[in-house]
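Each chain, letter by letter, is given below.
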Amino acid sequence: MNEPIRIKSAIESPLGLLAELTHVCPLGCPYCSNPLELDARASELDTAAWLRIFSQAAELGVLQVHLSGGEPAARRDLTEIVAHCARLSLYTNLITSGIGLSEAGVARLSEARLDHVQLSIQDCEEESADRIAGYKGAFAKKLQVARWVVATGIPLTINAVIHRANVQRATGMVQMAIELGARRVEIAHTQYYGWGLKNRAQLMPSREEADAAWSEVEALRAKVEGKIVVDHVAPDYHARTPKPCMGGWGRRTLNISPTGKALPCHAAESVPGLEFWNAREHSLAEIWEKSPAFNAFRGTEWMREPCRSCEWREVDFGGCRCQALALLGDARATDPACHLSPRHAMMADIARRDSAPLGAAAYAYRRMEKMR
Amino acid sequence: MSAGEEISGEARPRLPRGVRLKFDEARGGTVLLAPERVVRADAVAVAILERCDGTRTLNKLVEELCEVYKGDAKRIEADVRALLADLAAKRMLDL
Ligand code: SF4
Ligand code: SF4
């Protein structure tokens, strides 16, 4: 065992569904990968629509659902959704900031048989953490939530996004996760999509800082084995090889946006010309097999050189489409994070420029427009 | 338990909450579901993990498997220990 599942044909069933239940979130993290145009509450799917989507997902072969956002606890029907998924025997993963959860609320989620909680932290130092989140008291609240979760016995993952303001304390955040009783910790260097891309010049650490953080966490990983699992996401702009796009576009997972749009990935809406279908109008099975957006970059047929003839094409699938688009203006190009891309040098150039010392510039906090 | 330590024969291995076996109808076979992980479990792994419910000791578990599989007890014990140690290191099993 421990063999990751291998998918034979291109259109085999998805393993995971990421449900962005809402874009509402009390925090304003400047690295958020949500789109700049957030969906308003009034346009969200209602409870019945979500329950139908999860039923269809189970039928399609989805094994794990990730309840995300925004802040999923901002939905009043969260417990109902979890209970429904549990009845379908779907594995439920709640991805939360913790804000908006009460002790009684956590107990209700536990009774509804929630399988796993992933709680974000912004830093291991209170003042810095609250400043990054743009929310006074967020840090203290998160500590409370972590304790409530651990007390119920639901396994806890702590998730920390690494950037300029906390890059010196990456190992501190692993230690904090251990102290909180987490079984798993994700140390993820910022991926620059949505708000993160907008704030890139505020977030980018220097190459030296990123490298130091990387090796410190790697050194700690071995020491804490058996205590906590460390999942480490590399800094893209300093990498030689691209990240495999979600294990392949339209291959393992799908996202449903708060309004029901089915996306191959959270950033896919940034790619112009893609036609997305809505789960209000189509079944998930139909969307997965037939919708133009899912078929656009499926497999390797769409590739150009150097990807097309590259031996890695079935491993990383040419890297990230959304990044190729954001940086090169061409979603079909090789992800510039790859050292084989003719434009690879631009990554280091951007990183160098954007990690320059800051003047008076401040974060553009993730906020919703009042009226849309 | 930390890495490298021998698991005691008296330990009572248990799949913690949030780690569970599931029959995978769409693709066939059984999978072990855990936080951000989906791993295939072959028939032997399933036989072992189904017995990791916190009631049996490791010794008892090996004894039961020897009856079912009629194999060499030493080998079976080694297989069981290897699987359990691996999962414990990944925090997918409590001892
Ligand atoms: S295209 Fe990029 S942003 Fe989209 S899923 Fe793939 S890696 Fe992620
Ligand atoms: S050239 Fe394309 S397929 Fe080859 S490693 Fe780079 S991104 Fe991957």
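Our subject is the structure listed above.
Computed from a prediction, not measured in an experiment: that's the story for all the values here.

With that settled, the discussion passes to the sheet that holds strand β5 (residues 156–162) of chain A. All names here are of chain A. On the basis of which strands lie adjacent, the open sheet formed by 9 strands has the order β7-β6-β5-β4-β3-β2-β1-β8-β9 and mixed pairing. With partners counted over all chains shown, the strands left at the sheet margins are β7 (229–233) and β9 (262–263), one partner each. The pairing of strand β8 (residues 253–256) with β9 spans 2 bridges and is classified as antiparallel. Counterpart to I256 in the pairing with β9 is A262.

Before going further, it helps to examine the side chain of A:D236. All names here are of chain A. As for its position among the elements, D236 is in the loop between β7 and β8. Within the structure, D236 has its side chain in polar contact with the side chain of K243 (distance 3.2 Å). Those residues within four positions of D236 in sequence are excluded, and the remaining contacts are K243, Q323, A337 and M347.

Residues and elements named next belong to chain A. One pass over the full model with this rule turns up 6 aromatic pairs over all chains. For the pair F297 and W302, a centre-to-centre distance of 5.2 Å together with 80 degrees between the ring planes defines the contact as edge-to-face. As far as burial versus exposure is concerned, F297 and W302 are alike and both buried. With centroids separated by 5.6 Å and ring planes inclined at 80 degrees, the aromatic side chains of Y363 and Y365 adopt a geometry described as edge-to-face. With a relative accessible area of 26%, Y365 lands in the partly exposed category. Here the aromatic residues W249, F297 and W302 are joined through ring pairs into a cluster of three or more. Above the plane of the ring of W288 lies R298, whose end atom (NZ or CZ) is 4.9 Å from the centre.

Let us look at helix α3 (residues 103–111) of chain A. Residue and element names in this part refer to chain A. Of the positions making up α3, those classed as buried are G105, V106, L109 and S110. Down the axis of α3, the smallest arc covering the buried residues is 140 degrees, so these residues share one side. Every exposed residue of α3 that faces more than 90 degrees away from the buried side is listed here: E103 and E111. The elements touched by buried residues of α3 are α2 (78–87), β3 (91–96) and α5 (138–152). Positive phi shows up at R113, right after α3, with a value of about 70 degrees.

Residue and element names in this part refer to chain A. Within the secondary structure, R343 sits in the loop between α13 (321–328) and α14 (345–354). Given a relative accessible area of 44%, R343 falls into the partly exposed group. Spatially, the C-alpha atoms of R343 and A333 are 9.7 Å apart, while their sequence positions differ by 10 residues. Contacts of R343, omitting those with residues within four sequence positions, involve L328 and P336.

Quick look at the pairing of strand β4 (residues 116–121) of chain A now. Residues and elements named next belong to chain A. Counting buried positions along β4 gives 6 out of 6 residues, so the element sits mostly inside the fold. Summarising the sheet, β3 and β4 pair through 4 bridges and their orientation is parallel. From the neighbouring strand, I95 faces β4, where its bridge partner is Q118. Pairing of β4 with β5 involves 5 bridges; the strand directions are parallel. Within β5, the residue paired with L119 across the bridge is I158.

Thresholds, definitions, all that
Residues numbered from 1 in each chain as written. Chains lettered and ligands numbered in written order. Predicted model: local features only at pLDDT ≥ 70, side-chain atom pairs only at ≥ 80, totals over all residues. Heavy atoms only, no water. Pairing = 2+ DSSP bridges. Helix = DSSP H or I, 4+ residues; strand = E, 2+ residues; numbered from the N terminus. Polar contact = N/O pair within 3.5 Å; in protein donor to acceptor, adjacent residues only side chain to side chain. Contact = heavy atoms within 4.5 Å. Phe/Tyr/Trp six-rings, centres within 6.5 Å; stacked < 30°, edge-to-face > 60°. Buried < 20%, exposed > 50% of the residue type's maximum accessible area, 1.4 Å probe, protein only. Lys NZ or Arg CZ within 6 Å of the ring centre and 35° of its normal. Arc of directions from axis to C-beta.

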